Amino acid sequence: MIAMIVDDEKHVRDAIKLLVPWTTFGIDTVLEAQDGAEAMEMLRQHRPQLVFTDMMMPLMNGMELMAWLSEHLPSAKTIVISGHDEFDLVRHAIKHGGVDYILKPIDAEQLVETTQKTVALIRKEQDERRQQQSLNMEMNQIKPVYWDTIWSNLVSEPKTYEKHAKEIAEEYGLSPDVTSCRLAVLSLDTISGKLKDRFWSQWDLVFFSLMNVCNEVLTMDRGQRIGVAFRFWNSENEIVLLLFRELERSEAVFLHIQECIVNTFQSSMDIGVSGVHPFPDKLKEAYAEAKQALRRRNLLARQKRIHEYDDRPPLSAGVLSMSEYAEAIRLAVRSGSEEQIRKSVGEWIDAVRRLPSINTEQLELWWHEYNTLKTRWMSEWFGDGPPPQRTQDDAPFHVPMDDEGRLSIDMWEQQLVRSLTELSKHMLKSQQQDSNVMFEIAKYIRNHYHQDITLQEIANHFYLSREYISRKFKQEFGENLSDYLSGIRIDKAKLLLLNPHLRIAQVAAMVGYEDEKYFSKVFKKTVGVSPNEYRKGRES
């Protein structure tokens, strides 16, 4: 902290310097000036937090100096030390923020006490400013998330609009005369692979930048908004564009947004657009139409574009079912030959390539068929228990995209071959497991996962050392025994959570966790959401 003493009498300055325990108050620099004019130059340069000043000085007196301080350095605190006690001087000192008025000759105890009080006031105000700056920074970070949440909730529950109508009007200029809207969905699933790789660790920054581009277009030159772009929290990779003015030129607006995205990110994206709907009552229906327009777009098209909703059923190019090729693929997997697997999958892919169009709905149907077939085969080969290596059966569907963000049938073929080859390896390996004690241990864990199983108990049961089991189990399964047990328990818990009549504590006990809080902690770490959030997500 810096202090300054302004007095035309040197012995007064020396007395103040001598009487105040500066280091005790955290003051490491004490400046001196013999009049207000000299002090003003030093104040500009050093900006001290505490100023001691006389009132009667040549060139610029204390009254003028305090007036200058209150205008140019209002955060500084002033203590007046004067030999004059006229009312006008005291009143002036109070008017311009003087903390105290000490009369000469200086009383040492009063000077120290006043300085201590003033330093405490300075520190308090500094803390308050820091807290306010921190609060302002937090608000600037929270505000976009707050509005994304408000708009996302309005799309899902338009009836909540009245609750937020006033603050929406203040923030976005949305007047009561707005009665119609169009809604568009911009899917980040269609962003280029290069851009995904570049910003994967900063995915929130991609959303933020995209919304800035969109909102800039949706704000007209005169500052009046014609719409708003927000991150749709009910879906993982979507930005919603809500147009509530200039609906007659909506196509041009969305095309402009697409052009700006290309110019900024060198990547285009498909945009699904709804019809015109009443605002806010039909926001939910508008969103459903925009999503449907995206889902029904032809993924084989080379150019990304604006896809407007059409309530006519899509033209059918004939039904192609993966089940027709299932037996050949199953036999190839049973053979253990990657070449045969590649050949059988290739026959299916060749049929897909002959289709004139493919949309997301078709891909999701094939994905469901594939998982159903795989589940049936796994049940046939591994029985009721899980395969030696656990698989992610409930992974969300993602359209396989190339570097330009277009459907890649080649990538899909590679994924299928890779997945089925792994399944084939597990199947062949399972045929050699009966005599392998590690798989007996794995079977024991699967049968007793709901009990309080310890490594020592397993070692005693199989007459092996704990160290041997730990080392060999990890070599065989690629994970620790405790992680394997935890994975099985969590898999079972996910099934039990589908029963709405079971409490979380009951589910925890049924899969071997006596402590509900510990179970919830393990579940969230493994699955990414709490048991209660997982249950709600499955119910919706």
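A. Examining the sheet that holds strand β2 (residues 29-33) more closely. Overall, parallel pairing links the five strands, which are arranged β2-β1-β3-β4-β5 in an open sheet. Lying at the two open borders of the sheet, with one neighbouring strand each, are β2 and β5 (98-103). Neighbouring strand axes in the sheet, compared pairwise and without regard to direction, differ in orientation by 15° on average. Inspection of the sheet shows strand β1 (residues 2-6) paired to β2 by five bridges, in the parallel sense. Paired with M4 across the strands is L31, a residue of β2. Helix α2 (residues 36-46) contacts β1, β2 and β3 (50-53) of the sheet and is inclined by roughly 150° relative to β2. Seen against the sheet, helix α3 (residues 62-72) touches β1, β3, β4 (77-82) and β5 and runs at an angle of roughly 165° to β3.

B. Here's a closer look at the environment of H256. Counting through the fold element by element, H256 comes out in helix α9 (residues 250-265). Judged by relative accessible area, which is 38%, H256 ranks as partly exposed. In this structure, the C-alpha to C-alpha distance between H256 and N215, residues 41 residues apart in sequence, is 12 Å.

C. Representation of helix α8 (residues 203-217). Given a rise of 1.5 Å per residue, 15 residues ought to cover 21 Å, and the 22 Å separating the end C-alpha atoms of α8 matches this to within 8%. Among the residues of α8, those classed as buried are W203, V206, F207, L210, M211, V213, C214, N215 and V217.

D. Region of the structure containing the packing of aromatic side chains. Tallied over the entire structure, the rule returns 21 aromatic pairs. Pairing W348 with W366 gives two aromatic rings, centres 5.3 Å apart and planes at 90°, and the pair type is edge-to-face. On the criterion of sequence distance, the pair formed by W348 in helix α12 (residues 338-353) and W366 in helix α13 (residues 360-382) is long-range, its members being 18 residues apart. The exposure class assigned to W348 is buried, which follows from its relative accessible area of 0%. Ring pairing ties together the aromatic residues Y146, W147, W151, Y172 and F230, which thus form one cluster. Positioned over the ring face of F207 is R231, at 3.6 Å from the centre of the ring. Above the plane of the ring of Y513 lies R489, whose end atom (NZ or CZ) is 5.1 Å from the centre.

E. Up close: the packing of helix α16 (residues 455-462) against helix α17 (residues 466-477). With their axes 9 Å apart at the nearest point, α16 and α17 run at an angle of 100° to one another. Between α16 and α17, the interaxial angle falls into the category roughly perpendicular. Facing α16, whose interface residues are L455, Q456, I458 and A459, α17 presents R466, I469 and S470. Class assignment for the residues of the contact of α16 with α17 results in four nonpolar, two polar and one charged.

F. Just the packing of α8 against α9, in detail. Put simply, α8 and α9 touch, their axes get as near as 9 Å, and they point 140° apart. Classified by the angle their axes make, α8 and α9 are oblique. Seen from above, α8 lies across α9 with right-handed handedness. Counting all contacts with α8, which are made through S209, L210, V213, C214 and V217, the residues of α9 involved are V253, H256, I257, C260, I261, T264 and F265. Its residues placed into classes, the contact of α8 with α9 shows nine nonpolar, three polar and no charged.

G. Fine view of the side chain of S274. Turning to its location among the elements, S274 is positioned in the loop between β9 (271-273) and β10 (277-278). The exposure class assigned to S274 is buried, which follows from its relative accessible area of 0%. With residues up to four places along the chain from it excluded, the contact list for S274 reads R182, L183, A286, E289, A290 and Y309.

H. Molecular detail of the nonpolar core. Of all hydrophobic cores here, the largest spans 33 residues; its most connected members are W348, W366 and L420. Every element with two or more residues in this core is listed here: α11 (326-335), α12, α13 and α14 (409-430). In contact with W366, not counting residues within four places along its chain, are L320, M322, W348, V352, L355, I358 and W412. Counting 31 residues, the second-largest nonpolar core is a separate cluster that includes M438, I441, L481 and F523.

I. Region of interest: the pairing of strand β7 (residues 227-231). Burial analysis of β7 places five of its five residues in the buried class, the great majority of the element. Taking every second residue as pointing to the same face, both faces of β7 are buried, with G227, A229 and R231 on one and V228 and F230 on the other. Pairing geometry for β7 and strand β8 (residues 238-243), over five bridges, is antiparallel. Looking at β8, one finds that F230 is bridged to V240. The turn joining β7 and β8, which pair antiparallel and follow one another in sequence, is formed by six residues.

J. Region of interest: the confidence of the model for the chain. For the chain, the mean per-residue pLDDT works out to 85, and 90% of the residues sit at or above 70. The weakest mean pLDDT in the chain belongs to helix α7 (residues 193-199) at 68; the strongest belongs to β10 at 96. This stretch, residues 388-394, has a pLDDT under 50; its non-local contacts, to residues over four places away or in other chains, come to 23 contacts.

K. Broad picture of unusual backbone geometry. In the segment running from K104 into P105, the intervening peptide bond is cis, with an omega of -5°. Cis geometry is adopted by the peptide bond preceding P280, which originates at F279 and carries an omega value of 0°. Among the structural elements, P280 can be located in the loop between β10 and α10 (283-295). Here the phi dihedral of E246 falls at roughly 60°; this positive angle occurs in a residue that is not glycine. Considering the arrangement of structural elements, one finds E246 in the loop between β8 and α9. With a phi close to 55°, Y463 is a non-glycine residue in the positive phi region. Tracing the backbone through its elements, the reader meets Y463 in the loop between α16 and α17. Y463 sits in the exposed class, given a relative accessible area of 75%.

Rules used in this analysis
- Residues numbered from 1 in each chain as written.
- Predicted model: local features only at pLDDT ≥ 70, side-chain atom pairs only at ≥ 80, totals over all residues.
- Heavy atoms only, no water.
- Pairing = 2+ DSSP bridges.
- Helix = DSSP H or I, 4+ residues; strand = E, 2+ residues; numbered from the N terminus.
- Axes fitted to C-alpha atoms, helices over the stretch in contact; angles between N-to-C directions.
- Contact = heavy atoms within 4.5 Å.
- Buried < 20%, exposed > 50% of the residue type's maximum accessible area, 1.4 Å probe, protein only.
- Expected span 1.5 Å × (residues − 1).
- Phe/Tyr/Trp six-rings, centres within 6.5 Å; stacked < 30°, edge-to-face > 60°.
- Lys NZ or Arg CZ within 6 Å of the ring centre and 35° of its normal.
- Parallel < 35°, antiparallel > 145°, perpendicular 65-115°, else oblique.
- Nonpolar A, V, L, I, M, F, W, Y, C, P; charged D, E, K, R; others polar.
- Left-handed = near helix turned anticlockwise from the far one by under 90°.
- Core = buried A, V, L, I, M, F, W, Y, C linked by side-chain atoms within 4.5 Å.
- pLDDT = per-residue confidence, 0-100.

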